[in-house]
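The chain contents come next:
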Amino acid sequence: MKYPIVAYGDPVLRRKATAIEADEYPHIKELVENMYETMYGARGVGLAAPQVGMSMRLFVVDATPFDDEEPELKNFKKAFINAIILDESGEEWSFNEGCLSIPDIREDVARKSTVRLSYYDEDWKHHEETFSGMAARIIQHEYDHIEGKLFTDKLSPLRKRLIEKKLNDISKGAVDVDYRMKFPAAKKGR
């Protein structure tokens with residue numbers, strides 16, 4: 001099942017998401033599969049639960065589209081539950097990021113090259129792993145979502161002012177996307 005993606009301006013995107021317990025979510029695998037389906041339908045490489053209106057510490061990634069540049073990303077598909085970043089290290093590097101909740105806006109964002117993470121997978125198996133390169137970047141971007149942060153928060157005040165009208169238009173639904181979205185400031189009842 002594809003969920004509508006919540007657009008910029010919705011308060012759920014600014015809320016620090018809540019940790020979840022296995023007994024609260026006996027159907028977690030179905031939720032994870034629905035999130036993958038939603039992400040693929042929007043041609044994304046990552047999707048966090050807050051982006052589909054659920055304030056929980058869950059995100060999914062599939063970095064396979066980047067396996068041309070980083071062959072180790074072939075079949076890199078993972079779900080992250082209750083993730084905690086233990087360490088970010090290495091050189092900062094910039095990359096042009098986008099976000100399914102903020103369509104049509106892409107900006108260069110600097111992030112550390114390596115991240116060490118503690119998390120559970122959809123089988124509730126605990127992992128502590130280190131990721132680098134594009135995998136680290138995607139994980140950091142999605143992790144920001146469960147912390148109530150957006151990639152636009154990392155922009156300079158000038159860049160933020162320059163894209164402010166576009167951001168407001170997105171929250172009103174004045175954007176052309178080919179996937180279902182929920183717009184917080186869209187006018188109801190036409």
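Basis of the calculations
Residues numbered from 1 in each chain as written. Predicted model: local features only at pLDDT ≥ 70, side-chain atom pairs only at ≥ 80, totals over all residues. Heavy atoms only, no water. Pairing = 2+ DSSP bridges. Helix = DSSP H or I, 4+ residues; strand = E, 2+ residues; numbered from the N terminus. Core = buried A, V, L, I, M, F, W, Y, C linked by side-chain atoms within 4.5 Å. Buried < 20%, exposed > 50% of the residue type's maximum accessible area, 1.4 Å probe, protein only. Contact = heavy atoms within 4.5 Å. Polar contact = N/O pair within 3.5 Å; in protein donor to acceptor, adjacent residues only side chain to side chain. Axes fitted to C-alpha atoms, helices over the stretch in contact; angles between N-to-C directions. Patch = residues over 30% accessible without salt bridge, like charges linked within 9 Å, V, L, I, M, F, W, Y side chains within 5 Å. Areas by Shrake-Rupley, 256 points an atom, 1.4 Å probe, with all protein chains shown as cover. Salt bridge = Lys/Arg side-chain N within 4 Å of Asp/Glu carboxyl O. Lys, Arg positive; Asp, Glu negative; His and termini not counted. Charge placed at Lys NZ, Arg CZ, Asp CG, Glu CD. Expected span 1.5 Å × (residues − 1).

## Here we look at the pairing of strand β5 (residues 102–120)
Now for step 1: In the sheet, strand β4 (residues 77–99) pairs with β5 via 13 bridges, with the strands oriented antiparallel. What sits directly across from Glu97, in β5, is Glu107.
Now for step 2: Hairpin connection between β4 and β5: a loop of two residues separates the two successive antiparallel strands.
Now for step 3: Pairing of β5 with strand β6 (residues 126–132) involves seven bridges; the strand directions are antiparallel. Residue pairing in the sheet places Leu117 in a bridge with Glu129 of β6.
Now for step 4: In this structure, the hairpin formed by β5 and β6 is closed by a connection of five residues, where Trp124 is found at a positive phi of approximately 60 degrees.

## Brief notes about the nonpolar core
Now for step 1: With 37 residues, the main nonpolar core has Met35, Leu47, Leu58, Val60 and Ile102 as its most contacted residues.
Now for step 2: No other element matches helix α1 (residues 28–41), which puts six residues into this core.
Now for step 3: Not counting residues up to four positions away in its chain, the partners in contact with Leu47 are Ile5, Met35, Thr38, Met39, Val52, Phe59, Val60, Leu100 and Glu142.
Now for step 4: Listed in part, the 22 residues of the second largest apolar core include Ala17, Val61, Ile139 and Ile146.

## Observations concerning the side chain of His127
Now for step 1: Structurally, His127 can be placed in strand β6.
Now for step 2: The buried category is assigned to His127, whose relative accessible area is 18%.
Now for step 3: Within the structure, the side chain of His127 is placed 2.9 Å from the side chain of Asp121, a separation counted as a polar contact.

## Quick word on the pairing of strand β3 (residues 58–62)
Now for step 1: In terms of burial, β3 is a largely internal element, five of the five residues being buried.
Now for step 2: Of the two faces of β3, both are covered, the one formed by Leu58, Val60 and Asp62 as well as the one formed by Phe59 and Val61.
Now for step 3: As defined by bridge partners, β3 adjoins β4 across five bridges and the pair is classed as antiparallel. By the bridge assignment, Val61 is partnered in β4 with Lys78.

## Describing the sheet that holds β5
Two strands in a sheet stick together by hydrogen bonds in their backbones, pointing the same way (parallel) or opposite ways (antiparallel).
Now for step 1: Strand order in the open sheet formed by five strands is β2-β3-β4-β5-β6, and the pairing between neighbours is antiparallel. Only two strands of the sheet have a single neighbouring strand rather than two, namely β2 (46–48) and β6. The sheet shows a mean angle of 40 degrees between the axes of neighbouring strands, taken without regard to direction.
Now for step 2: The sheet contacts of α1 involve β2, β3 and β4, and relative to β3 the element is tilted by about 50 degrees.

## Considerations on a negative patch on the surface
Now for step 1: Taken together, Asp87, Glu88, Glu91 and Glu92 make up a surface patch of like negative charges.
Now for step 2: Looking at the element boundaries, Glu92 is found in strand β4.

## Some points on helix α2 (residues 133–146)
Now for step 1: Over its 14 residues, α2 runs 21 Å from end to end, which matches the ideal 20 Å to within 8%, given 1.5 Å per residue.
Now for step 2: Buried residues dominate α2, accounting for 14 of its 14 residues.
Now for step 3: Looking one or two residues beyond α2, the residue adopting positive phi is Gly148, at roughly 80 degrees.

## Concerning α1
Now for step 1: Over its 14 residues, α1 extends 20 Å from the first C-alpha to the last, a length consistent with the 20 Å expected when each residue adds 1.5 Å.
Now for step 2: Where α1 is concerned, the buried positions are Ile28, Leu31, Val32, Asn34, Met35, Tyr36, Thr38 and Met39.
Now for step 3: The secondary structure elements touched by the buried residues of α1 are β1 (5–6), β2, β3 and β4.
Now for step 4: Trailing α1 by a residue or two, Arg43 shows a phi angle of about 55 degrees, which is positive.

None of this, on its own, says anything about what the molecule does.
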